[in-house]
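Chain residues, written in single-letter form:
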Number of protein chains: 2
Amino acid sequence: MTVHDPGASVARSKPSRPTMRDVADAAGVGVMTVSRVINGAVGVRPSTAERVREAITRLGYQLNHAASTLRRRHHGSMVIALLVDDIANPFYAALAGAVEEEAREHGFTVLFGSAKEDLQRERELVQAFTARRVDGLIAVPTDTEMWRDALTSVTVVFVDRPANGLPVDSVLVDGRSAAERGVRHLLEHGHTRIGYLGDLASIWTAQQRLQGYRDALGEAFDPELVQQGLRDAASAERAARELLGSARPPTALFAANDLITIGAVRAVAECGEGTAVVGFDDIVLADRLSPPLTVLAQDPVEIGTTAARLLFARLDGDDTPRREVVLPATLVVRGSGESRPE
Amino acid sequence: MTVHDPGASVARSKPSRPTMRDVADAAGVGVMTVSRVINGAVGVRPSTAERVREAITRLGYQLNHAASTLRRRHHGSMVIALLVDDIANPFYAALAGAVEEEAREHGFTVLFGSAKEDLQRERELVQAFTARRVDGLIAVPTDTEMWRDALTSVTVVFVDRPANGLPVDSVLVDGRSAAERGVRHLLEHGHTRIGYLGDLASIWTAQQRLQGYRDALGEAFDPELVQQGLRDAASAERAARELLGSARPPTALFAANDLITIGAVRAVAECGEGTAVVGFDDIVLADRLSPPLTVLAQDPVEIGTTAARLLFARLDGDDTPRREVVLPATLVVRGSGESRPE
DNA sequence: CTGAAAGCGCTAACAG
DNA sequence: CTGTTAGCGCTTTCAG
């Protein structure tokens, strides 16, 4: 025989929660009265409302949101979903915080998922979100094509990747211009051999940034200085070491995102003393590194806020033509990009 | 008259999605057959199943998860929620990533919310989560008391704060010991006047870390060197500057979390040259600061994974007595904590 | 192997 | 001001 100590044992097999019927019975009223009290008691006698409220707290009743939205057709689930590459990346974490804040102001709760640049996983997440009938979806899409179906059932806003003709709002950053600006900055300081460290070539932002790099270099572009497919700081560090250890090493490095910049900084510190670095995305304490890190800073909070506002405007009935908001990334000069080659 | 270009205009007023009835009619079968096909067709003739599947894809049907869990009592919503202080904080972002990973392996989707140390907000979030009938909840609780009700309806795991007698599993970090270890490290390098920079005194982890600081100092404890209530890097920097600018400034600083450490590093760099620093929580590129930052590193991924595993074990039926897992924070010696006072 | 009826918890649409 | 009836989309139960 097993003895359970209710105080020390974790409550299992949760008792089935009280329903509206239970509350109605306890208060001696009909279910509709309870429903009315819960949804902002209009047209309920104060004394009755009070009795109902008392029964609610006494029974510990809580509205079943799923059941309620099942019946009222027009009112949505009041949930939006956020689909990013990886929530653990500080950039997306900051974006998520901004989206949550905006959602909260509209009374929405937020689901999230990290696709990790995996198509299968992205599909599963979108599937899970739509099955849960989210009212809106803010996403960093990997494969634009698979989104066709999803669009028919949920309002979507893309972030970081263009709509490709799909009827969706999108929030982008002009990474091409920014990268060009960053590489030009290095050229202006006398560098001619500038290494490029980038993420997967399949990612739109990676393509844009590489394009900016090429545009700045023009004739001087040398494919031997380009390393792509870098998904984390460790692989970026390896790639940077490789470039720095080659026969004719670059005198400067352009790192195409935050994780890659971290790897580049490590590599330069350990085997590329004096190599200039310009990174895409700002990093915490970048100003306290030695040398202080020159970066092209995106504003994840602004991106998230903008995307969320576009989404909620749509949910509030805005049916104007689709919009594409392009935000800038600004060059923050701190030191690492201003050293001249020997 | 308004002309809508369906290609360029954002799809509004989503057409009501096809139901199981629609699929059944389209396939010329009853709804139950459709239901059976969707939930792993056992006992359905292959040819019939095929016709149903065809209708499903043709109509673009998607199961309404809310409706389905409404009827089947025992099967839950397959959603868990994560309640943290602030998802934008890299520490919680990493934790969230770990929780999501674990959830995905169990087929669960994750809701999240940031309470931002605001009781009202925490209550609203818990309310929203339970109304959505989440099966589980991983939370960094602000006010342990308000959780009593929630516990009756959902399985909860606490992170970063103790259960206080509530029947909940919890995952903690021994911040007292870690802080004591960190401060002792400074004492061993000759520091006697060590400033303390901490978060709100109401937060359990902040209390623990302050206690560790006091334990290490013993008789030498001086309340004048203690600054609390620091909620972000900016306020931490101000507080640190104040300590460093005082008549008898400390020769070392103990920063009680990641955000505070960032502020402390800034303050030291600008007006406390040579002041030793030990920070709680590791920071990206901490090893590349000058001097490299000595920290007490917690492992957010391990914390998140552990919490999620405890939760899913409970959801899978584990009804053993409640557990309290205590993880360590390890001293990582890098340089900023080893400089000796002049 | 398949379908019809009942009902999950709630709200819309009517009655009183 | 309040209650009754129907039914949201689905699964359970039970009868073919």
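This one's a predicted model, so the numbers in the text were calculated from it and none came from an experiment. (Residues numbered from 1 in each chain as written. Chains lettered and ligands numbered in written order. Predicted model: local features only at pLDDT ≥ 70, side-chain atom pairs only at ≥ 80, totals over all residues. Heavy atoms only, no water.)

Notes on the protein's contact with DNA strand D
Under the convention used in this document: Throughout, the term near means that a residue has one or more heavy atoms lying within 4 Å of the molecule or strand in question. Nitrogen and oxygen atoms within 3.5 Å of one another constitute a polar contact, given that in protein one can donate a hydrogen and the other can accept it, and given that sequence-neighbouring residues count only through two side-chain atoms. What counts as a helix is a DSSP run of H or I of at least four residues, what counts as a strand is a run of E of at least two, and both are numbered from the N terminus.
Close contacts around DNA strand D come from 26 residues, with A:T33, A:T48, A:R71, B:M20 and B:Y61 the closest. Those atoms of DNA strand D that come within 4 Å of the protein belong to sugar or phosphate at a rate of 58%. Within the backbone of A:R45, one N or O atom sits 2.7 Å away from a phosphate oxygen of DNA strand D. B:M20 has a polar backbone atom sitting 2.5 Å from a phosphate oxygen of DNA strand D. Sorting the residues of the surface near DNA strand D by element identifies α2 (31–38) and α4 (65–71) of chain A together with α2 (31–38) and α4 (65–71) of chain B as the ones contributing at least two each.

Let's talk about the protein's contact with DNA strand C
So the rule is basically this: Residue classes follow a fixed rule: Ala, Val, Leu, Ile, Met, Phe, Trp, Tyr, Cys and Pro count as nonpolar, while Asp, Glu, Lys and Arg count as charged, and any other residue, Gly among them, counts as polar.
Surrounding DNA strand C, one finds 25 residues, the nearest of these being A:M20, A:Y61, B:T33, B:R36 and B:T48. Of all DNA strand C atoms lying within 4 Å of any protein atom, the proportion belonging to sugar or phosphate reaches 63%. At 3.2 Å, a backbone N or O of A:N64 approaches a phosphate oxygen of DNA strand C. Within the side chain of B:R36, one N or O atom sits 2.6 Å away from a base oxygen of DNA strand C. Mapped by element, the contributors of at least two residues to the surface near DNA strand C are α2 and α4 of chain A together with α2 and α4 of chain B. Take the surface near DNA strand C: its biggest share by element is four residues, from α4(A). A per-class count over the surface near DNA strand C returns 10 nonpolar, nine polar and six charged.

As for the UniProt feature "domain: HTH lacI-type" (unreviewed entry) in chain A
Selection criterion: UniProt positions are given in the numbering used here, feature names are shortened, and annotations may be inferred rather than shown by experiment.
UniProt records the feature "domain: HTH lacI-type" (unreviewed entry) for residues 18–72 of chain A in the present numbering. In the segment residues 18–72 of chain A, helix accounts for 67% and strand for 0%; the C-alpha atoms at its two ends are 21 Å apart.

Observations regarding the nonpolar core
Side chains of a nonpolar character, in soluble globular proteins, are inclined to be buried together. The line we're drawing: As used here, the term nonpolar core means buried Ala, Val, Leu, Ile, Met, Phe, Trp, Tyr and Cys residues forming a set that is joined through side-chain atoms within 4.5 Å. Burial here depends on accessible area, computed with a 1.4 Å probe over protein chains only, as a share of the maximum for the residue type. Under 20% is buried, over 50% is exposed, and the range in between is partly exposed. Contact definition: two residues touch when any of their heavy atoms are within 4.5 Å.
In this structure, A:F254 and B:F254 are the most contacted members of the largest nonpolar core, which totals 140 residues. The residues contacting B:F254, other than those within four sequence positions of it, are B:A179, B:V183, B:I194, B:G195, B:Y196, B:L197, B:V278, B:F280 and B:L296. Within the second largest apolar cluster, 42 residues are counted, among which are A:L83, A:L111, B:F129 and B:L166.

Quick word on the relation of the copies chain A and chain B
Cut-off, in case you're wondering: The copies are overlaid by a least-squares fit using only the C-alpha atoms of residues whose pLDDT is at least 70 in both copies.
Least-squares fitting of chain A to chain B yields an RMSD of 0.2 Å, with the transformation described by 0.1 Å of translation along the axis and a rotation of 180°. This pairing of chains is accounted for by a two-fold axis. Within chain A, the C-alpha atom positioned nearest to the axis of rotation is that of A:L111, 2.1 Å from it. Mapped onto chain B, 100% of the interface residues of chain A are again interface residues, and the two copies thus contact each other with one and the same surface.

Topic: the interface of chain A and chain B
Heads up, the condition is: We define buried area as the total accessible area lost by two parts upon association, computed with a 1.4 Å probe and summed across both. The term salt bridge refers to a side-chain nitrogen of Lys or Arg lying within 4 Å of a carboxyl oxygen of Asp or Glu.
With 74 residues of chain A at the interface, the matching set in chain B holds 74 residues. When chain A packs against chain B, close to 6,500 Å² is buried across both sides, 54% of that on carbon and sulfur atoms. Sorting the residues of chain A by area buried against chain B places A:F112, A:R132 and A:R133 first, and these three jointly supply 11% of that buried surface. For the pair chain A and chain B, the number of links is eight salt bridges. Between A:K116 and B:E101 there is a salt bridge, with its nearest N and O atoms 3.0 Å apart. Remark: the boundary between chain A and chain B carries 30 residue pairs in polar contact (both at pLDDT 80 or more).

Side note on the packing of aromatic side chains
All names here are of chain B. This is how it is decided: Only Phe, Tyr and Trp rings are paired, with Trp represented by its six-membered ring, and only when their centres lie within 6.5 Å; those with planes under 30 degrees apart are stacked, over 60 edge-to-face, the remainder tilted.
In this structure the tally under the stated criterion is 13 aromatic pairs over all chains. Judged by centre distance (4.9 Å) and plane angle (50°), the rings of Y196 and Y213 are tilted. Separated by 17 residues along the polypeptide, Y196 in strand β6 (residues 194–197) and Y213 in helix α9 (residues 204–217) bring together distant segments of the chain. For Y196, a relative accessible area of 0% puts it in the buried group.

Structural notes on the sheet that holds strand β1 (residues 79–84) of chain B
As a reminder of what qualifies: Strands are labelled as partners when DSSP assigns at least two bridges between them. Angles shown run from 0 to 180 degrees and are taken between the N-to-C directions of axes, each axis being a line fitted to C-alpha atoms and, for helices, limited to the stretch in contact.
Read across the sheet, 12 strands follow the order β11(A)-β5(A)-β4(A)-β3(A)-β1(A)-β2(A)-β2(B)-β1(B)-β3(B)-β4(B)-β5(B)-β11(B) without closing on themselves; strand pairing throughout is mixed. In this open sheet, the two edge strands, each paired with only one partner strand, are β11 (324–327) of chain A together with β11 (324–327) of chain B. Strand-to-strand, the axes of this sheet are offset by a mean angle of 20°, without reference to chain direction. Strand direction decides the pairing type here: strand β4 (residues 155–159) of chain A and strand β5 (residues 169–173) of chain A, joined by three bridges, are parallel. Along β5(A), the bridge assignment pairs A:V157 with A:D169. The strands that helix α5 (residues 90–105) of chain A touches are β1 (79–84), β2 (109–114), β3 (136–139) and β4 of chain A together with β2 (109–114) of chain B; relative to β1(A), the one it contacts most, it runs at about 170°.

What about unusual backbone geometry?
Put simply, A:S290 and A:P291 share a cis peptide bond, and its omega is 0°. Relative to the helices and strands, A:P291 resides in the loop between β9 (276–280) and β10 (294–297). The phi dihedral of A:E117 is positive, around 55°, even though this residue is not glycine. Note that A:E117 resides in the loop between β2 and α6 (119–131). Of the residues examined, A:E117 reaches a relative accessible area of 16% and is grouped as buried. A positive phi angle, close to 75°, is found at B:D160, a residue other than glycine.

Thoughts on the packing of helix α1 (residues 20–27) of chain A against α2(A)
Residue and element names in this part refer to chain A. Just so we agree on the cut-off: The cut-offs work like this: below 35 degrees is roughly parallel, past 145 is roughly antiparallel, 65 to 115 is roughly perpendicular, and the gaps in between are oblique.
Axis separation between α1 and α2 bottoms out at 8 Å; the angle between their running directions is 105°. As far as their axial angle goes, α2 and α1 are roughly perpendicular. Contacts from M20, R21, V23 and A24 in α1 reach V31, V34, S35 and I38 in α2.

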